[in-house]
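Spelled out, the chains give:
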Amino acid sequence: LDAQVIIMDDGYQHWTLQRDLDVVLVDTLNMFGNRRLLPRGTLREPLQNLDRAGLFLLTKTDQSSIFSRAELRDILARHNKKAPIIESVHRPVNFVEIADWYKGLLTTAKSLEDLCGSSVMVFSAIGNPSSFEQTLADVGLDIKEAIRYPDHHDYGMLEMQYIMERAIKENVRALITTAKDAVKIPTEFIYFEREVPLYILNMEIQITDGRDLFQKTIAKAIEKETK
């Protein structure tokens, strides 16, 4: 495919893989859990191993306090004084009906204003569902019910039928979920005739602090390898 850059997700612990830049994302709403390693906590490595990072990207900074971010910056600097610390937010873009989303038909997307004030039901199986739900509330949706499943959960037809029945009972205008959840919903449900539409919330990452430094750090890593 003549690729020049490869971006790998969840590769920090893959020590045998040669890489040019380690970017560590830190959720500012859930920094390091209880700071314990698996299985007692959620950490895969001790915090001191953050010294391998070449760049830190703080996420959801619009939903965290300035005090918690200051504490987080101190912790990161304590373990790594060289890596730049960049701040970002997850910005909602629009809503796409799941069948169109699968086909890549983004021209049918509804703007955030289209659903503003609507009663909806949401479901997700992600690490921080409260952040997703807060985002929907912030764009003006009236969440009648939120169903949460364990992170990385695979949906079955019975579960999706249950969710749809709940949505019909609540008389909501739409069901809303995440792109991460969308890929785990059975195809037969996606193309099944549904009484309530199911929308995917499209999101994008927006750098709010350190954009130039972010770009320079990545560009330098690429330039170093392609010389």
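Enquirer: Let's hear about the packing of aromatic side chains: which residues, and what values?
Expert: For any pair of aromatic rings, the description consists of the separation of the ring centres together with the inter-plane angle of the planes. One pass over the full model with this rule turns up three aromatic pairs. With a centroid separation of 5.5 Å and 75 degrees between ring planes, the pair formed by Trp 101 and Tyr 102 is classed as edge-to-face. Seen from their ring centres, Tyr 149 and Tyr 155 are 5.4 Å apart, and the 85 degrees between their planes marks the pair as edge-to-face. Exposure class is identical for Tyr 149 and Tyr 155. Each is buried. Members of the aromatic cluster, connected to one another through ring pairs, are Phe 123, Tyr 149 and Tyr 155. For Arg 52, the ring lying beneath its charged end belongs to Tyr 12, and the centroid distance is 4.3 Å.

Enquirer: Help me get a handle on the layout of surface pockets, residues and values and all.
Expert: Rolled over the atoms, a probe sized like a water molecule indicates the empty space that remains. One number sums up the size of the second largest pocket: a volume of about 170 Å³. Around the second largest pocket, the lining residues are Asp 20, Pro 84, Leu 213, Lys 216, Thr 217, Lys 220, Ala 221 and Lys 224. Of the residues assigned to the lining of the second largest pocket, the class counts are three nonpolar, one polar and four charged.

Enquirer: Break down the pattern of salt bridges for me, citing the residues and quoting the values.
Expert: Using the criterion set out here, one finds 15 salt bridges in the structure. Note that Arg 44 is salt-bridged to Asp 10, the shortest N-O span being 3.8 Å. In this pair, Arg 44 is assigned in the loop between β1 (23-27) and β2 (55-59) and Asp 10 in the segment before β1, connecting sequence segments 34 residues apart. What makes Asp 10 exposed here is its relative accessible area of 52%. With its nearest N and O atoms 3.6 Å apart, the salt bridge here joins Glu 71 to Arg 35. With Glu 71 in helix α1 (residues 66-79) and Arg 35 in the loop between β1 and β2, this pair connects stretches of sequence that are 36 residues apart. For Arg 35, a relative accessible area of 41% puts it in the partly exposed group. A single network of salt bridges, built from pairs that share partners, joins Arg 69, Arg 73, Glu 87 and Asp 209.

Thresholds, definitions, all that
Residues numbered from 1 in each chain as written. Predicted model: local features only at pLDDT ≥ 70, side-chain atom pairs only at ≥ 80, totals over all residues. Heavy atoms only, no water. Phe/Tyr/Trp six-rings, centres within 6.5 Å; stacked < 30°, edge-to-face > 60°. Buried < 20%, exposed > 50% of the residue type's maximum accessible area, 1.4 Å probe, protein only. Lys NZ or Arg CZ within 6 Å of the ring centre and 35° of its normal. 1 Å grid on protein atoms, 1.4 Å probe; cavity = no way out; pocket = protein on both sides within 12 Å on 5 of 7 lines; lining within 4 Å. Points joined across faces, edges and corners; volume = space filled by probe spheres on them. Nonpolar A, V, L, I, M, F, W, Y, C, P; charged D, E, K, R; others polar. Salt bridge = Lys/Arg side-chain N within 4 Å of Asp/Glu carboxyl O. Helix = DSSP H or I, 4+ residues; strand = E, 2+ residues; numbered from the N terminus.

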